[in-house]
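Observations on the model geometry
Next come the chains, spelled out residue by residue.
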Amino acid sequence: MAKNKKEIRYDSRYPSIEDLRTRAQKRIPRFAFEYLDGGCNEDINLDKNTSDIRKVELLPYYLTSHTESKMKTELFGHTYDAPFGIAPVGLQGLMWPNSPEVLAKAAFEHNIPFILSTVSTSSIERISELTEGQAWFQLYHPTETSVRDDIIKRAEAAGCPVLVILCDVPTFGFRPRDIRNGLAMPPKMSITNMLQILGKPQWAYNTLRYGQPNFETLRPYMPKNLNLKQLGKFMDQTFSGRLNEERIRPIRDMWKGKLVLKGVANESDAEKAIELGLDGIIVSNHGGRQLDAGESTIRPLTRIAKDYGDKIRVMMDSGLRSGPDIARTIASGAEFTFMGRSFMYGVAALGKKGGDHTISLLKTQLQQVMEQICCEDVKDFPRHLISNS
Ligand SMILES: Cc1cc2nc3c(=O)[nH]c(=O)nc-3n(C[C@H](O)[C@H](O)[C@H](O)COP(=O)(O)O)c2cc1C
């Protein structure tokens, strides 16, 4: 009997991700909410991600016999309870104190994947302990080979089954709100930011309770007592954002588990991932936070899944906010989906209950779509696809 078997129950006051977003906005200081919520430049890519997914239409079959609709989905040898997971998000503890632990625990109990970011605020070891070694880990590419190898060894020792490497952050996205708020990597505590904190007592109380958020996974490589400026310099020196084939090869050689490339946005990078022996790709544009002039994710997803779906596991994130969005994305060719902001809105809105609520809500919505259109198995979604233009 699996230990992670969770009842699906959500709070009927918040039946949509937008409800959670609205409540989150009331509870988080503005600089932290805007870091979470924003895209880049004019937010064109951010908005298109969701609106293009929502152009996809599904065909229902009403006079067809129906036994049961099952959300269970196999991925990398594990059968998850639903075809969606929690995408890696940096600085999580800044948006809601202790949120990586809340979300990792909820993901484990609901038997869906949780991906920890290198720059999140809990360590690989802590998250692995909470998830009995089921959490995935996303690696920002370290400049120093020794740091890279050490982090990979730690992920392996923690039992992490899937390592995710990222290709869509060769530069930091241009994010006007963060610039205005003085929120850089790392965050700056200006008078305005302090005043915003005073207006959010629950957030302030929880921050005091759980302590100032830190890059826990990176702690062993960071000199002690850095001031904010020194910390910024440390981050710049520690990571070389741009990934290339030469940087991927040694990771492939070293990592015995499944290796996934996140941030794929075109066919040529998908093809390279296959040549390099990777196990999966996440078609993603970082939730519209990097290239405002880029395509929405559903567009390359459709092409990549068609051309390469039989050679590599194809997943997608960016723009999904509901069960119908998950259904539309899988019908368009993704085998699995991830969401970033939706879960952070949930935990910021409802604290400890936020992870469980958001996962339950999405499971309930997806189950309803499956039963409505007479789709008994997640693999059958493409049969229901009408169009995506
Ligand atoms: C606040 C924030 C921080 C993020 N930090 C990371 C990160 O550290 N590593 C990473 O691979 N992706 C990061 N992402 C991108 C997410 O993993 C994911 O691709 C994106 O959120 C999906 O879009 P959605 O928010 O519309 O679901 C971040 C996204 C947000 C919103």
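Description of the structure in this document.

Reading the values: the criteria
Residues numbered from 1 in each chain as written. Predicted model: local features only at pLDDT ≥ 70, side-chain atom pairs only at ≥ 80, totals over all residues. Heavy atoms only, no water. Near = heavy atom within 4 Å. Polar contact = N/O pair within 3.5 Å; in protein donor to acceptor, adjacent residues only side chain to side chain. 1 Å grid on protein atoms, 1.4 Å probe; cavity = no way out; pocket = protein on both sides within 12 Å on 5 of 7 lines; lining within 4 Å. Sits in = over half its atoms within 2 Å of the grid points. Nonpolar A, V, L, I, M, F, W, Y, C, P; charged D, E, K, R; others polar. Buried < 20%, exposed > 50% of the residue type's maximum accessible area, 1.4 Å probe, protein only. Helix = DSSP H or I, 4+ residues; strand = E, 2+ residues; numbered from the N terminus. Arc of directions from axis to C-beta. Contact = heavy atoms within 4.5 Å. Phe/Tyr/Trp six-rings, centres within 6.5 Å; stacked < 30°, edge-to-face > 60°. Lys NZ or Arg CZ within 6 Å of the ring centre and 35° of its normal. Patch = residues over 30% accessible without salt bridge, like charges linked within 9 Å, V, L, I, M, F, W, Y side chains within 5 Å. Areas by Shrake-Rupley, 256 points an atom, 1.4 Å probe, with all protein chains shown as cover. Salt bridge = Lys/Arg side-chain N within 4 Å of Asp/Glu carboxyl O. Pairing = 2+ DSSP bridges. Axes fitted to C-alpha atoms, helices over the stretch in contact; angles between N-to-C directions. Parallel < 35°, antiparallel > 145°, perpendicular 65-115°, else oblique. Left-handed = near helix turned anticlockwise from the far one by under 90°. Right-handed = clockwise from strand over helix to strand, strands pointing away. Points joined across faces, edges and corners; volume = space filled by probe spheres on them.

Taken together, 23 residues form the shell around the ligand, and within it Pro88, Ser117, Gln138, Asp317 and Arg321 come nearest. Gly90 places a polar main-chain atom, nitrogen or oxygen, 2.9 Å from a nitrogen atom of the ligand. Spatially, the ligand is embedded in the largest pocket. Taken together, the residues of the shell around the ligand sort by class into nine nonpolar, nine polar and five charged.

Okay, helix H14 (residues 298-308) next. Burial in H14 covers these residues: Ile298, Pro300, Leu301, Ile304, Ala305 and Tyr308. Down the axis of H14, the buried set is contained in an arc of 150°. They therefore lie on one face. For H14, the secondary structure elements touched by its buried residues are helix H3 (44-53), strand S8 (258-264), helix H13 (267-275), strand S9 (280-283), strand S10 (313-316) and helix H15 (323-331).

Turning our attention to the packing of aromatic side chains. For the coordinates displayed, the defined rule picks out eight aromatic pairs. Ring geometry for Phe31 versus Trp203: centroids 6.4 Å apart, planes at 85°, classification edge-to-face. Pair noted here: Phe31 is in helix H2 (residues 30-37) and Trp203 is in helix H10 (residues 201-210), with a separation of 172 residues, a long-range link. Geometrically, the ring pair formed by Phe84 and Phe343 is stacked, given 6.4 Å between the ring centres and 20° between the ring planes. Residue Phe84 is located in strand S4 (residues 84-86), and its partner Phe343 is located in helix H16 (residues 341-350); the two are separated by 259 residues in the primary sequence. Of note, Arg289 hangs over the ring of Tyr35, and the distance from its end group to the ring centre comes to 4.9 Å. Residue placement shows Arg383 over the ring face of Tyr61; its charged tip is 5.0 Å from the ring centre.

So, on to a nonpolar patch on the surface. Together, Ile191, Leu195 and Leu198 give the surface a local cluster of nonpolar side chains, amounting to about 380 Å² of exposed area. Relative to the assigned elements, Leu195 resides in helix H9 (residues 191-198).

Turning our attention to the sheet that holds S10. Paired through backbone hydrogen bonds, the strands of a sheet run either parallel or antiparallel to each other. Taking strand neighbours across the sheet as the criterion, the eight strands line up as S4-S11-S10-S9-S8-S7-S6-S5 in an open arrangement whose pairing is parallel. Since the sheet does not close on itself, it has two edges, and those belong to S4 and strand S5 (115-117), each with one partner. The sheet shows a mean angle of 30° between the axes of neighbouring strands, direction not considered. Inspection of the sheet shows S9 paired to S10 by four bridges, in the parallel sense. What sits directly across from Ile282, in S10, is Met315. Contacting S8, S9 and S10, H14 runs over the sheet at an angle of about 170° to S10.

This brings us to the packing of helix H5 (residues 99-109) against helix H17 (residues 354-373). The contact between H5 and H17 brings their axes to 8 Å, and the two run at 45°. Between H5 and H17, the angle is such that the two are oblique. Helix-helix and strand crossings are classified by hand; for H5 and H17 the assignment is right-handed. Residue-level contacts link Val102, Leu103, Ala106 and Ala107 of H5 to Gly355, Asp356 and Ile359 of H17. Among the residues forming the contact of H5 with H17, the class breakdown is five nonpolar, one polar and one charged.

Handedness of the β-α-β unit built from S9, H14 and S10 comes out right-handed. Pairing analysis gives two bridges linking S10 to strand S11 (residues 336-339), with the strands arranged parallel. Paired with Met316 across the strands is Thr337, a residue of S11. Running through H15, the crossover from S10 to the neighbouring parallel element S11 is right-handed.

Bringing the layout of surface pockets into the picture now. The calculated volume of the largest pocket comes to roughly 960 Å³. Among the secondary structure elements, those contributing two or more residues to the lining of the largest pocket are H2, helix H8 (176-181), helix H11 (228-238) and S11. Per-element accounting of the lining of the largest pocket gives the leading share, three residues, to H11.

This paragraph deals with the environment of Ile282. Note on placement: Ile282 falls in strand S9. For Ile282, a relative accessible area of 0% translates into the label buried. For Ile282 and Phe172, which are 110 residues apart along the polypeptide, the C-alpha to C-alpha distance reads 19 Å. If we skip the residues at most four places from it in the chain, Ile282 touches Ile115, Val260, Leu261, Lys262, Gly263, Val264, Met315, Met316, Asp317 and Phe338.

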